[in-house]
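Listed below, chain by chain, are the residues.
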Amino acid sequence: MTSSKPTQPTAPRAVNDARVHELLDSVPTGILIDGQFREAASGTRFEVLNPATGEVLTTVADGDEADASAAMDSVCAAAAAWRATPPRERAEVLRRAFDLVNTTYREDLALLMTLEMGKPLAQSDGEVTYGGEFLRWFSEEAVRIRGDWFRVPEGHLQAMVVRRPVGPCLFVTPWNFPLAMGTRKLAPALAAGCTAILRPSQVTPLTSLLLGRILTEAGVPDGVIAVVPSSSARAVTGPLLSDDRLRKLSFTGSTAVGRALLKEAADGVLRTSMELGGNAPFIVFDDADLDAAVDAALATKMRNMGEACNAADHFLVQEGVREEFARRLAEAMAAQRIGNGLEDGVDVGPLVSAQQRDAVAEAVQGAVDAGATVLTGGERPEGPGFFYPPTVLTDLPADADIIRNEIFGPVAPIIGFTDESEAIALANDDAMGLQGYVHTRDMERVLRLTEALEVGMLSVNTATTSNVSAPFGGVKQSGLGREGGKEGIEEYLETVYVGLPAPELG
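Residues numbered from 1 in each chain as written. Predicted model: local features only at pLDDT ≥ 70, side-chain atom pairs only at ≥ 80, totals over all residues. Heavy atoms only, no water.

This paragraph deals with the overall build of the chain. Helix and strand counts for the chain stand at 16 helices and 20 strands. For the chain, the C-alpha radius of gyration of 24 Å lies close to 23 Å, the compact-globule estimate for 506 residues. Along the first, second and third principal axes, the C-alpha atoms of the chain reach 75 × 65 × 40 Å. Buried positions account for 56% of the 506 residues belonging to the chain. Within the chain, contacts between residues at least 6 apart in sequence are counted, and of these 74% link residues at least 24 apart. When the accessible surface of the chain is split by element, carbon and sulfur atoms take 50% of a total near 19700 Å². One finds the centroid of the 44 positive side-chain charges in the chain at a distance of 5 Å from the centroid of its 70 negative side-chain charges. (Helix = DSSP H or I, 4+ residues; strand = E, 2+ residues; numbered from the N terminus. Rg over C-alpha atoms; globule rule 2.2 N^0.38 Å. Buried < 20%, exposed > 50% of the residue type's maximum accessible area, 1.4 Å probe, protein only. Contact = heavy atoms within 4.5 Å. Areas by Shrake-Rupley, 256 points an atom, 1.4 Å probe, with all protein chains shown as cover. Lys, Arg positive; Asp, Glu negative; His and termini not counted. Charge placed at Lys NZ, Arg CZ, Asp CG, Glu CD.)

Rendered as structure tokens:
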């Protein structure tokens, strides 16, 4: 058994303080409307914290109903001209934004994400690559929007199908991938000819504000996008959802909030895209390559400190290899280095907030109280910041709360199963259905599981699934719609059918 003594956070800092202060002094902290950053109508600001220290990084303009209204006025005023902009021109703007993200602003974006969200710099740099790819991908999709032309079966009409922009959009994004969640929504919307308002998480608004500057610098016309940070999501989303000029809502976040937003969106019959909770099962069969399975488990569990909707949340391991898998995973988790993400060699940064850390700690304590065994981790380290150690739990019943609820932290609960049918039943006994992971050498089994598992995405013998070229999204209460792939731009296009008298033939 690996020791459960928590690893102490390491001391900062590979990035020096002067570089941090230089960056924070240069990043916009106002509300982006009509191509300009301005103070909130109320004149108020809110604090943004560094989760590695608990200290204030800076303050940001605190948007409210007046700012939301001004943002809506601006994107509506710009809508007709942007919609009429040739697709090639829209594509070139997005391509310039891609280039800026990957060159001029790459280091700034990575450092900023580590400062306000906590992930290690190497992971932040990886997000710059991933987030930037949405700009490139949808710059290419902008020029591939197609309609249709056909004669109806009766022969008397020629049908023309036209694709046109949905209209003004509202994007509500989470804190865990501050750049990628913005580009994953803004890029297809802009490619399709839509205008948009982005309301970033109040925990990580700085990356979104810098993205707004980058898009403006790339040539997005004034008014086409607005970025409205706010300490209260309701202060911005409430007025916008009740505005009959809004035509599309895209939200990434918890299922509970998604349900509430869907109810509000129903009043305006808005087009909606919802990427909600995950709680992904990671299934390991007796015939799996255990080395590969443990490596994949570590990667998908610990990416972003486990704060990812498609992270492996609970591990279903066939009884023949359960103890060995648990031992190996515990050793790998215990070897992860915890610390400030600005320091070289750190594997695990802090959780994003004290509230998130406390929620993870309470979930683990609840499991322990119910009889779980802690193989490693399980205790909060002393010192500043919102750290929680990588934790592995065993001896859990399948109906334990920590199995049935998304953890969003560096905790791996393991339960056993006897055969394939039990694994399928355990995996599907969940309201969520975003992501699944399977490790087996039996390809016929893989095909059966592809049909049987109630998930929108399935990773087989790998830790990675999300790619800009493929559709990302779930089933059941994990959401509606898809982001990325050729499907991503469809979320921002309306289909219009035009019937014309068919000419005589022959």
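So much for the structure itself; the text now carries on.
Further remarks concern the pattern of salt bridges. As enumerated under the stated definition, the model contains 31 salt bridges in all. Residues Glu-22 and Arg-19 are paired through a salt bridge, measuring 3.8 Å at the closest nitrogen-oxygen approach. Separated by 3 residues within a single helix, Glu-22 and Arg-19 lie in helix H1 (residues 17–26), roughly one turn from each other. Across the pair Glu-491 and Lys-248 runs a salt bridge whose closest N-O atoms are separated by 3.4 Å. With a gap of 243 residues between them, Glu-491 in the loop between helix H16 (487–490) and strand S20 (493–501) and Lys-248 in strand S10 (residues 248–252) connect regions that are remote in the sequence. (Salt bridge = Lys/Arg side-chain N within 4 Å of Asp/Glu carboxyl O.)

We now examine the packing of H1 against helix H4 (residues 106–117). For the pair H1 and H4, the least separation of the axes is 11 Å and the interaxial angle reads 100°. Judged on the interaxial angle alone, H4 and H1 are roughly perpendicular. Together, Arg-19, Val-20, Leu-23 and Leu-24 of H1 and Glu-107, Asp-108, Leu-111, Leu-112 and Leu-115 of H4 make up the contact between the two elements. Taken together, the residues of the contact of H1 with H4 break down into 6 nonpolar, no polar and 3 charged. (Axes fitted to C-alpha atoms, helices over the stretch in contact; angles between N-to-C directions. Parallel < 35°, antiparallel > 145°, perpendicular 65-115°, else oblique. Nonpolar A, V, L, I, M, F, W, Y, C, P; charged D, E, K, R; others polar.)

Time to look at helix H15 (residues 443–452). Inspection of H15 places Arg-445, Val-446 and Leu-449 among the buried residues, and these make up the whole buried set. The buried residues of H15 all sit within an arc of 100° when viewed along its axis, so they share a single face. Exposed and oriented more than 90 degrees from the buried face of H15 are Glu-444, Leu-447 and Glu-451. Contacts from the buried residues of H15 go to helix H14 (420–428), strand S17 (435–439) and strand S18 (457–460). With a side-chain oxygen positioned 3.0 Å from the backbone nitrogen of Glu-444, the residue opening H15 is Asp-442. (Arc of directions from axis to C-beta. Polar contact = N/O pair within 3.5 Å; in protein donor to acceptor, adjacent residues only side chain to side chain.)

Right, let's talk about the sheet that holds strand S5 (residues 148–151) for a bit. Taken in spatial order, the 3 strands line up as S5-S6-S20 in an open sheet, and their pairing is antiparallel. The sheet is open, and its two edges are formed by S5 and S20, each paired on a single side. The sheet shows a mean angle of 20° between the axes of neighbouring strands, taken without regard to direction. Bridge count for S5 against strand S6 (residues 157–165) is 4 bridges, and the pairing is antiparallel. What sits directly across from Asp-148, in S6, is Val-161. (Pairing = 2+ DSSP bridges.)

Across the interface, H14 lies against H15 with an axial gap of 11 Å and an inter-helix angle of 30°. Classified by the angle their axes make, H14 and H15 are roughly parallel. For H14 against H15, the interelement crossing comes out right-handed. Taken together, the residues of H15 that come into contact with H14 (itself represented by Glu-420, Ile-424 and Asn-428) are Arg-445, Arg-448, Leu-449 and Ala-452. A breakdown of the residues in the contact of H14 with H15 according to their chemical character gives 3 nonpolar, 1 polar and 3 charged. (Left-handed = near helix turned anticlockwise from the far one by under 90°.)

What follows concerns the packing of aromatic side chains. All told, the structure shown has 8 aromatic pairs when counted by the stated rule. Judged by centre distance (5.3 Å) and plane angle (75°), the ring pair of Phe-285 and Phe-417 falls under edge-to-face. Here Phe-285, found in the loop between strand S12 (280–284) and helix H10 (290–302), pairs with Phe-417, found in strand S16 (residues 411–417); they are 132 residues apart in sequence, far enough to count as distant. Comparing Phe-285 with Phe-417 shows no difference in burial state: the two are buried. The interplanar angle of 35° and the centroid separation of 6.2 Å between the aromatic rings of Phe-315 and Phe-325 together place this pair among those described as tilted. Here the residue Phe-315 occupies a position in strand S13 (residues 312–318), and Phe-325 occupies one in helix H11 (residues 322–334), the gap between them amounting to 10 residues. With respect to burial, Phe-315 and Phe-325 carry one shared label: buried. Clustering of aromatic rings is evident, with ring pairs tying together Phe-282, Phe-315, Phe-325 and Tyr-437. (Phe/Tyr/Trp six-rings, centres within 6.5 Å; stacked < 30°, edge-to-face > 60°.)

This part takes up the nonpolar core. In terms of nonpolar packing, the biggest core is built from 63 residues, with Phe-282, Ile-283, Val-284, Phe-315, Phe-325, Leu-396 and Ile-402 touching the most fellow members. The biggest single contributor to this core is H10, with 7 residues. Residues contacting Val-284, with those up to four places away along its chain left out, are Leu-290, Ala-293, Leu-316, Val-317, Gln-318, Val-321, Phe-325, Phe-417 and His-439. The next biggest cluster of nonpolar side chains, apart from the first, holds 60 residues, and it includes Val-166, Ala-189, Cys-194 and Tyr-492. (Core = buried A, V, L, I, M, F, W, Y, C linked by side-chain atoms within 4.5 Å.)

Fair warning: the whole summary comes from geometry, so function is off the table for now.
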